[in-house]
Amino acid sequence: MMTIKGMGPLQEGIRQSGSAPDEVIVEGCIHRIREMGKVIFVVIRTSRSLIQCVLDEGGYQLTGLREDGSLNEGDCVRVTGIKKEEPRAFGGFEVHGRSIEVLSVANALPPVSLNKPKLSSGLDVILDHRPIALRHPQQRAIFKLQEGIVKAFRHYLSANDFTEIHSPKTTSAGAEGGANIFKMDYFGQPACLAQSPQIYKQMMVGVFGRVFEVAPVFRAEKHNTTRHLNEYISMDFEMGYIKGMEDVMDTEAAMLRYMMDYLKENYSQELSLLKVELPVVGEIPVLKFKEAKELLAREYGRRVTGNGDLDPEEEVLLCQYSKEKLGSEFIFITHFPSSRRPFYAMDDPNDPGFAFSFDLLFRGLEITTGGQRIHDYQQQVTKMQEMGLEPSDFEHYLSIHKHGMPPHGGLGLGLERLEMQLLGLNNVRYTSLFPRDVKRITP
Ligand code: AMO
């Protein structure tokens, strides 16, 4: 374990004092105080845990800020004491305090009740008071687990020869088309916030062969839905020398398998606090878009529409089918109509009008879009022209095709959506640290 200079090894807010073998120091915020006759139980919320400290009347020294010598929930304290086994306490131990030092005092009552096992406030209240509501153990566990999701993504890809990149978020044009572009004035030039790292990750395949990025992207979604944010974290990868988009899909499945194992091994306390049932990532079934639409009509009596996409209800039904009939909580839908996919998507020469493009659905929601990209210069120019785009506006992007690009493909996985589905939450705002939507730009 790495140590911070002068602090001794720190494990979730508790460390050896160095003065006596069984003496420890606990630093954190007072989560709950319970007085039981001559004993005070003070539960300290440390960086990741709750640690029960026991103060016996007359058996400890109190120093610090309050003149009346009182302790309050919310105060930040440092407790020095003896660690003893206690099966009934969280973590199986408690600390018998010898001294407690008040480092700073809480002057106000929290706007939401932090020390109840479940935060009972509604989503708007939680978000209005986000900086404090995030201190609730369950709320903060969501974001500790999010750390694990990102770490696993990073570990897996780094171990498989992908290079991590950081592409710009202020750009001259949107890569994903559509109306949801945040426009801005960049010193007199029209510019926008990046909708995705698409163009840059493809450019970087020409440099490193395999790349990945975890970063915010921006979508000016005008509707308030439970699945859309205006700023979200996109987990992207892009890989060269592929034989087809199946290589990208296989890489995603293997990464997800690693991720679930990694979470199980390293985040068991958050998984149990949030009552998460991790999915088994086995062989992920694959259905073509056309087959999916036929299946929806056959099995669920859905009217097949020609809109070229799946609607939210269809995503739920396809996942229901996949779980019940195919034994998987994930399902890939491939070969979407080209007209609904961006200019960089490669068309299937054997199935005109459909693209080598896929979505991954998980527990009823699209969490990923990916596919194979056009690597041939002329093919890319022609496609842009067919879509009414002006190739000269994409000079830098097209330079990679001109100077030789390997067959390549990749995907974008929405971090908040993946976690929302893992946790069985009904709104993507719960898994966004400080969500941005049509009405919310603070805190
Ligand atoms: P796409 O636009 O489908 O594809 O986005 C990829 C994934 O990002 C998530 N996502 C969102 N999450 C929250 N709020 C939103 N408004 C939002 N929009 C999208 C979803 C989605 O599956 N460049 C391509 C990816 C690629 O082909 O590599 C892209 O961005 O989970």
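Before going into details, it helps to say that this report is about the structure given with it. Since the model is a prediction, treat every value here as computed from it, not as a measurement.

## Remarks on the sheet that holds strand 16 (residues 357-362)
Step number 1: Taken in spatial order, the 8 strands line up as 8-12-13-18-17-16-15-14 in an open sheet, and their pairing is mixed. Both edges of this open sheet fall to strand 8 (163-164) and strand 14 (286-288), since each of them pairs with a single strand only.
Step number 2: Pairing geometry for strand 12 (residues 210-218) and strand 13 (residues 231-240), over 9 bridges, is antiparallel. Looking across to strand 13, one finds that V211 is bridged to E238.
Step number 3: Along the sheet, helix 3 (residues 137-159) contacts strand 8, strand 12 and strand 13; its crossing angle with strand 12, the most-contacted strand, is approximately 155°.
Step number 4: Of the strands in this sheet, strand 13, strand 16, strand 17 (365-372) and strand 18 (408-414) touch helix 11 (residues 415-423), which is tilted by about 135° from strand 17.

## Topic: the site of the ligand
Step number 1: The immediate surroundings of the ligand are formed by 22 residues, with Q198, K201, E366, T369 and R373 found nearest.
Step number 2: Here R219 contributes a side-chain N or O atom positioned 2.8 Å from an oxygen atom of the ligand.
Step number 3: With respect to the ligand, the backbone of T368 contributes an N or O atom lying 3.2 Å from an oxygen atom.
Step number 4: Burial of the ligand by the protein chains amounts to 93% of its free accessible area of 620 Å².
Step number 5: The dominant element in the shell around the ligand, judged by the number of residues it contributes, is strand 17, at 5 residues.
Step number 6: Here the shell around the ligand is built from residues that sort into 5 nonpolar, 9 polar and 8 charged.

Conventions we followed
- Residues numbered from 1 in each chain as written.
- Predicted model: local features only at pLDDT ≥ 70, side-chain atom pairs only at ≥ 80, totals over all residues.
- Heavy atoms only, no water.
- Pairing = 2+ DSSP bridges.
- Helix = DSSP H or I, 4+ residues; strand = E, 2+ residues; numbered from the N terminus.
- Contact = heavy atoms within 4.5 Å.
- Axes fitted to C-alpha atoms, helices over the stretch in contact; angles between N-to-C directions.
- Near = heavy atom within 4 Å.
- Polar contact = N/O pair within 3.5 Å; in protein donor to acceptor, adjacent residues only side chain to side chain.
- Areas by Shrake-Rupley, 256 points an atom, 1.4 Å probe, with all protein chains shown as cover.
- Nonpolar A, V, L, I, M, F, W, Y, C, P; charged D, E, K, R; others polar.

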